[in-house]
Every structure is written in structure tokens, then in C-alpha cells.
Amino acid sequence: MTSETTNIINLDAEAASGPHLTPSQLIWRRFRKHRMALNGVLGLAGLIMFIIIGSIAISEKQANEVDLKARLSPPSSEHWMGTDSTGRDTFSRIIYGGQISIIIGILAVTISVTIGTVIGGMAGYFGGGMDSVLMRITEAMLSIPALFLLIVLGKYLGREVQTINIFGRSFSGSVGIVIIVIGITSWMALARIVRASVLSLRETDFIAASKALGASNQRIFFSHLVPNTLGAIIVAATLGLAAAILAEAYVSFLGLGVQPPTASWGNMLTSAQAFIQKGAWWMWLFPCVFIVFTILCINLMGDGLRDAFDPRSGRNL
Amino acid sequence: MYAYIARRVVQGFITLLIITVFCFILTRLSADPLAQYATNPNMSAADKEALRERLGLNDPMPVQYFRWLSLAIRGDMGYSFFSKQPVALMISQRLPMTLILMLTAETLTITLALLLGIVSAVRQYSWVDNLITTFSFIGFSMPIFFIALGFILIFAVQFKAWGLPYLPTGADIWDPKDPVELARHMVLPVACLIFIGTAGYSRYVRSSILEVLGLDYVRTARAKGLGERSVLYKHALRNAILPFITIIGLNIPYLVAGALVTESVYAWPGMGRLFWEYAQRGDFPVVMGVLLIVSIAVVIFAIITDVAYTFIDPRIRLS
């Protein structure tokens, strides 16, 4: 009789818990069930494929080639997406502009996530004076509208622009400046999230235990605190990527960002603004559609990740 | 409570100080405010140098900053290098225009977002909800100049080409004191701001209503036989709207800053465009004036929102 009861209990426990899953397997499982997020991943993969294949098929020289005879021509079999005010082919520029916009987005997010994690983590972990100083700086930067901050810093760093040569291609130095400007003006929200989660983690028993075992601050910070806030950081990085690409579009649109002839989705629209009055709709529509599509896909992915990392959203299991 | 407010005010001053130091140095070094004279044949190099000396542009940076600060504290924001007008006057001309634009847009945005959010939450997963969610996701992922330029193309350029009554784009000369002209010029920029703003807000309203609708007291209200209307508007909505009020409260000060891109595209004479035009010239008195006004508004509204929240939601105590 006793053995029978234990068997039943064992069966029940087995049935209830299912196969043992690690946290990352659980997260993957929840993410996989999120249909829109998967669409986002697919869309993004398609876009990256398009840019890679396009870069192989069309050279950057072609994309920057000026042809004044064909200026402002509407989409045709020769120029699939028309040409801009100096006769450059919009289709080729979208491919190279996409490269630049996505590279800027990824590098800017890397900078902002690093700064945000370090500042938020230090403020939360050390507390006291360090916390007050760091949080006042965070607050100060949050008090200025994001675009104003981008402009102030962009104007300052953009005083002298040189050309950078990497991998045999020359980029306008403005690309580097845009990356830095976006990176150091977008870490504040993440810093606050990391700080809040470190503040609560700091009081947990396992941190107290590792302190008692003599772990250094560095070890506690990087092997305990950071991994435990990783979910929030990954979600913030994904949504931050969308925000960074959008920010690039805004500063380049205003003429402060990436400088021609290097194409970016944002600076392709700078001249579209002047020529839309003359009905040059293709100069506006195509770069914009690519921007919206990219950001939409990344946002959908970020939304899915947020739900996947949230242990409360068990309904998707 | 008073101690809390006092502490927040002190913190606010420190925040403002940090903002002004950083922005002053960056703006001051970003461009030469006297660049307009660079090609002036009537001015010799010695004249330019004398002018710099007289305007104090050759002084060490801390001296320049404290000179600006001591005047700004007394309400004197200096003169623009480019327009030579007092900064306070320039701002006082631009601020009402920005407020007309932004307050109209914000009021309509909030109304529309509440409406869409409620419909979306009540009919969760219906086709209406899917439509609104799709729209808000796309709007959320869209730079505002997409829609701003698109509206110009459709309602100004194409309507004109088709011989329909078309809307102005701001490229014309018009008198802001004429209410009809003002309204006509406001339509397109306000529509852009509503479109982008509603996308963000309505998602918030939807998720916070859904969260409240799942709570026990809503089930209790339904169980005791209340009509769905009463449950929704008298019970659920009141609590669901609380986080939304915070977001609006924190967003209000940014209305003072205007909408830089929209104002630039539609040539609207507002604060955002003022900032953008003068930031390009490195005209630091104007740039600092706009930044100061905006950040003071942000700091004050953050405190007001916190305090007001204790009245709206008695569960919250400030300490």
C-alpha cells in the first residue's frame, strides 16, 4: 500500500512538472509560441538577406554614382525605385543605407547597453553617494528631450569630420560620430531598470552568502548581479536597437547625422523633404518603408522577448 | 510630505545645474556664434577679435558659464548673436505658437487613445482589437517625418494637382493672428502628432485596462450583478487610468519643447524649430534659453505629478 501511494505521488509530480527545462529552454519555448515575434524574426532575417545579396550584386561605387541626366526620375525598369536629386539610384542606396543604418544601430546599442548596465549596476550595488551622483546625472539627461540632446552632442562632436577607412571601404567620419552620440544619449532608461533590479537582488540571500564566502565586489557584480538582470538587459537592448535605428534616421534626416555620399536611410530623406513638394514620392516612400519595416520587426521581436523573459506570462506555455 | 517636496526641489536644482553646465560647454564649443561675420568684407580681423573680446567670447569657459548663469538666475537670458534680439522676447513669441499646436494635439491624442484603448481592451482579440493593435504597432515604429512628408504629398501636392481644396504646408507666408489661417495651417501638423502619439498611448491604456479587468474586485462587481457599463466605467476605468495619468503628467513639460521635426517640416514658428535653427549656428544664448525653460518645466512637473498622485491614489504615501 505504501509503495502504491508513493507511486501515485511520483506519477503526479512527473505529470505536473513535465520534462525538466532549464530557464533558457523555458524562455525559448515561450518565445516560440509568440507568433508576431516570430514574424518579426523572419522579417528581419529577410531584410538582412536582402541587404547581403544586394551588396554582393551592386557595388558601393554604383550606389554613390551621380548621373545628372537621370536626376529625379520615377521608378522604371532601369531604376527600380527611381533616382534622387543628383541621379543616384534609390534601390542601390537603400541597400547601402540599410547596411549603415543597421551597423550604426547595433554599435550604438552596444555602447548604450554597456554604459547603462555599468552605471545602473554601480548605483544600485554601491548605493549612498555613488547612487545619488549617478542618478542625478541620469535624471539630468532624461530631463532634456532626446532629440535636443542628440542635436547638442551631435553639433559638438561633428565639428571636425574625417573620413575613416575600414576594410577597404571609406566611411564618412560622421558614421562614427552618430554611433557615439546615440550610444551616450540612450542609456538612461536601462540604467534605471538595472539599478532597480540590483537594489532588490542586493538584499537576497545568495548575494549575502557569496559575500560571506569572501567573493569580491567584482565577482558578485559580474557573476551574480549581471546574469540575474540579463533578461531585462536583453529586452532593453532589442527595443533599444529599434530606438537607435530610429534615432539615426532622425538625426540624419535633420542633416546632422551621416553625411553624403555615404548613404543612410535617414539622410536619403533629407533631400526628399525638398523634392516632395515637386511630387517626387519615390524618394520619400522607399526609404521610409524600409525604416518602418525594420523597426516594426525589431519591436515585435522585443515584445516577444519581454513576454518570454517574464515568468508571470505562463499562459503562453 | 513637505520634507519630501523640499528634498525634491533641492534635487531638481542640482539636476538643472548639471544640465546647464554640460549643455553650455557643448553648445559654446560646437560652433562659432560669430560665424556670420566670417565672410563680411567690412570687418577686419582686428575688428572681429575686438568684438569677441567685448562679448567675452575669449574668456575661460568657467567665467563664461558663470556670467551666463548669474544673469539667467535673474531672468536675463541674454541676446541672440544672430538675430540680436533678447532671448526672452524670442521665446515669448515662439512659446504660444508651440503651446497652441502641442496642447491641441495632446488633448485630441489623449481622447483618441482612451477611446481606442477601451474598445481594444473590452473586445480583446476581436478584429477591432487586432486592427487597433496593428495600427499602434506600426505607428509606434514610425518616424514622424514619414507621416509628415506623406501628408504633404497627399493633402498638399496631390490634392492641388487633382484640383481639390488642398491644405497649406507652411511654405507660404501667413499671419498667425488670423484664426482661420491658423487653423488651416494647424491641421496637418496636428494630424501627424495625433497619429504618432495615439499609437504609443493607446497600447498603454489597453494593457492597463486588461490588467485591472482581471482583478478580483472587478469579478466581485460583476458577481453582485452590476451591468458591464457600470463595471467598466465606474470600477475598472478609475484604477486603470492611474498609470496613464502619470505618463501624461510626465509628458506635459515636453510639450513646451514643441515638436522639433514636425515644426521643421511644416515651418511652424515654435520652440522646437527655434532650438534647431539656432543650435545649427551655435547661438548659445538661444539654445540655453530653450533648454533652461524646458528642463525647468520637466523638473517642476515631475514633482507636481508625484504629489498629485497621492491625491488621486490614496494608497500611495510619499516619504
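Residues numbered from 1 in each chain as written. Chains lettered and ligands numbered in written order. Predicted model: local features only at pLDDT ≥ 70, side-chain atom pairs only at ≥ 80, totals over all residues.

**Quick word on the overall build of chain A**
Now for step 1: Along the backbone of chain A there are 14 helices and 2 strands.
Now for step 2: With 317 residues in all, chain A has 44% of them scored as buried.
Now for step 3: For chain A, the share of sequence-separated contacts (at least 6 apart) that also reach a separation of at least 24 residues comes to 70%. (Helix = DSSP H or I, 4+ residues; strand = E, 2+ residues; numbered from the N terminus. Buried ≥ 20, exposed ≤ 12 C-beta atoms within 10 Å, placed from the backbone. Contact = placed C-beta atoms within 7 Å.)

**With respect to the overall build of chain B**
Now for step 1: If you tally the helices and strands in chain B, you get 12 helices and 0 strands.
Now for step 2: Its helices and strands in sequence order give chain B the pattern α-α-α-α-α-α-α-α-α-α-α-α, from N to C terminus.
Now for step 3: Principal axes of the C-alpha set define a box for chain B whose edges measure 85 × 65 × 30 Å.
Now for step 4: Here chain B holds 319 residues, and 34% of them are scored as buried.
Now for step 5: Of the contacts formed within chain B by residues at least 6 apart in sequence, a portion of 70% connects residues at least 24 apart.

**Some points on the packing of helix H1 (residues 2-30) of chain B against helix H3 (residues 61-73) of chain B**
Each pair of packed helices can be described by the angle between their axes along with the distance between the axes.
Residues and elements named next belong to chain B.
Now for step 1: Where H1 meets H3, the axes come as close as 11 Å, and the angle between the chain directions of the two elements is 120°. One way to sum up the angle between H1 and H3 is to call them oblique. Crossing hand, H1 versus H3: right-handed. Contacts between H1 and H3 pair Thr-20, Val-21, Phe-24, Ile-25 and Arg-28 from the former with Met-61, Gln-64, Tyr-65, Trp-68 and Leu-69 from the latter.
Now for step 2: Within the contact of H1 with H3, the residues separate by chemical class into 7 nonpolar, 2 polar and 1 charged. (Axes fitted to C-alpha atoms, helices over the stretch in contact; angles between N-to-C directions. Parallel < 35°, antiparallel > 145°, perpendicular 65-115°, else oblique. Left-handed = near helix turned anticlockwise from the far one by under 90°. Nonpolar A, V, L, I, M, F, W, Y, C, P; charged D, E, K, R; others polar.)

**Comments concerning unusual backbone geometry**
Residues and elements named next belong to chain B.
Now for step 1: Positive phi outside glycine occurs at Tyr-125, with the angle close to 65°.
Now for step 2: Assignment of secondary structure puts Tyr-125 in the loop between helix H4 (87-122) and helix H5 (127-140).
Now for step 3: Judged by local crowding, Tyr-125 falls into the exposed class, with 9 C-beta atoms found within 10 Å.
Now for step 4: The phi dihedral of Ala-267 falls on the positive side, at around 50°, and the residue is not glycine.
Now for step 5: The residue Ala-267 is located in the loop between helix H10 (260-265) and helix H11 (271-280) in this model.

**Overview of the interface of chain B and chain A**
Now for step 1: Contact with chain B, which involves 37 residues of that partner, is made by 35 residues of chain A.
Now for step 2: Among the elements of the structure, H1, H5, helix H6 (144-161), H10, H11 and helix H12 (284-312) of chain B are those that each provide at least two residues to the side of chain B that touches chain A.
Now for step 3: Residues that form the side of chain B that touches chain A fall into these classes: 31 nonpolar, 6 polar and no charged.

**Describing the environment of Asp-283 of chain B**
Residue and element names in this part refer to chain B.
Now for step 1: Tracing the backbone shows Asp-283 in the loop between H11 and H12.
Now for step 2: Remark: the alpha-carbon pair of Asp-283 and Phe-81, spanning 202 residues in sequence, is separated by 6.0 Å.
Now for step 3: Residues contacting Asp-283, with those up to four places away along its chain left out, are Pro-33, Ser-80, Phe-81, Phe-82 and Tyr-278.

**Here's the deal with the nonpolar core**
Now for step 1: Of all hydrophobic cores here, the largest spans 143 residues; its most connected members are Trp-284 of chain A together with Ala-148, Leu-149, Phe-275 and Leu-291 of chain B.
Now for step 2: In terms of residue count, helix H14 (residues 281-309) of chain A provides more of this core than any other element does, 17 residues in total.
Now for step 3: Beyond its immediate chain neighbours, meaning those up to four positions away, Leu-291 of chain B contacts Ile-144 and Phe-148 of chain A together with Ile-19 and Cys-23 of chain B.
Now for step 4: Counting 11 residues, the second largest nonpolar core, distinct from the first, contains Ala-113, Ala-121, Val-205 and Ala-236 of chain B. (Core = buried A, V, L, I, M, F, W, Y, C linked by C-beta atoms within 7 Å.)

**Focus on the confidence of the model for chain A**
Now for step 1: Across chain A, the average pLDDT comes to 82, with 87% of residues at or above 70.
Now for step 2: Helix H1 (residues 2-17) of chain A is the least confidently modelled element of chain A, averaging 50 in pLDDT, while helix H5 (residues 90-126) of chain A averages 91, the highest of any element. (pLDDT = per-residue confidence, 0-100.)

**Focus on the confidence of the model for chain B**
Residue and element names in this part refer to chain B.
Now for step 1: Across chain B, the average pLDDT comes to 87, with 99% of residues at or above 70.
Now for step 2: Of all helices and strands in chain B, the one with the weakest mean pLDDT is helix H2 (residues 45-55) (79), whereas H4 scores best (93).
Now for step 3: Interface scoring of the predicted complex returns ipTM 0.85; its pTM is 0.86.

**Section: helix H10 (residues 205-212) of chain A**
Now for step 1: Counting buried residues in H10 of chain A gives 0 out of 8 residues, a small share hidden from the surface.
Now for step 2: Positive phi appears at Gly-214 of chain A, one or two residues downstream of H10 of chain A, with a value of about 90°.

**Some points on the environment of Gly-56 of chain B**
Residue and element names in this part refer to chain B.
Now for step 1: Following the sequence through the fold, Gly-56 ends up in the loop between H2 and H3.
Now for step 2: For Gly-56, a count of 11 C-beta atoms within 10 Å corresponds to the exposed category.
Now for step 3: In sequence terms Gly-56 and His-185 are 129 residues apart; their C-alpha atoms lie 41 Å from each other.
Now for step 4: Ignoring sequence-local partners within four residues, the contact set of Gly-56 consists of Gln-64 and Arg-67.

**Digging into the packing of H5 of chain A against helix H8 (residues 174-184) of chain A**
Residue and element names in this part refer to chain A.
Now for step 1: Following both chains from N to C, one finds H5 and H8 inclined at 40°, their axes separated by 8 Å at the closest point. In this view, H5 runs oblique relative to H8, as classed from their interaxial angle. In this structure, H5 meets H8 at a crossing whose hand is right-handed. Facing H5, whose interface residues are Ile-100, Ile-104, Leu-107, Ala-108, Ile-111, Ser-112 and Ile-115, H8 presents Val-175, Val-178, Ile-179, Ile-180, Ile-182, Gly-183 and Ile-184.
Now for step 2: Of the residues in the contact of H5 with H8, the class split is 12 nonpolar, 2 polar and no charged.

**So, the environment of Thr-262 of chain A**
Now for step 1: With respect to the helices, strands and loops of the structure, Thr-262 of chain A is situated in the loop between helix H12 (230-253) and helix H13 (265-275).
Now for step 2: As a C-alpha pair, Thr-262 of chain A and Ala-215 of chain A span 47 residues in sequence and 50 Å in three-dimensional space.

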